[in-house]
Amino acid sequence: LLAGGHFLLVTDAGPLDMLGFIGQHERYEDVANAIVQVKAEDLSVPILGLADLIRVKRALSRDKDLPALRLLESLAERNPSP
């Protein structure tokens, strides 16, 4: 991950996508303010917040991201951030 790799792991709970960088080569330090903690049973997992995930996918504007982007935007419309 430190080298900027991308790992798609298969777990008992489903796929886990791990990125060494996102978007235009942003690293964790660049998006640390946008990290939210999600509880998964006894585990707290840091993830990129919805608004910033949408921002990254829009900036990349890859064809493969468009269906996910529409879904994420729909979620954001239904659950606006405070």
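Provided above is the structure to which this section pertains.
Residues numbered from 1 in each chain as written. Predicted model: local features only at pLDDT ≥ 70, side-chain atom pairs only at ≥ 80, totals over all residues. Heavy atoms only, no water.

A. Local environment of the nonpolar core. With 5 residues, the main nonpolar core is built from I22, V31, A34, L48 and V56. In contact with A34, not counting residues within four places along its chain, are I47, L48, G49 and D52. (Core = buried A, V, L, I, M, F, W, Y, C linked by side-chain atoms within 4.5 Å. Buried < 20%, exposed > 50% of the residue type's maximum accessible area, 1.4 Å probe, protein only. Contact = heavy atoms within 4.5 Å.)

B. Just the pairing of strand β1 (residues 6-11), in detail. Of all 6 residues that make up β1, 0 are buried, and the element is exposed over most of its length. As paired strands, β1 and strand β2 (residues 14-19) are joined by 6 bridges and run antiparallel to one another. Residue pairing in the sheet places L8 in a bridge with D17 of β2. The hairpin formed by β1 and β2 contains 2 residues between the paired strands. (Helix = DSSP H or I, 4+ residues; strand = E, 2+ residues; numbered from the N terminus. Pairing = 2+ DSSP bridges.)

C. Inspection of helix α2 (residues 50-60) at higher detail. Buried residues of α2: I54, V56 and K57, and no others. One face of α2 carries all of its buried residues, which in axial projection span an arc of 160°. Along α2, exposed side chains directed more than 90 degrees from the buried face belong to A51 and R58. Where α2 is buried, its residues contact β4 (43-48) and α3 (66-78). Remark: S61 follows α2 within two positions and exhibits a positive phi of approximately 40°. (Arc of directions from axis to C-beta.)

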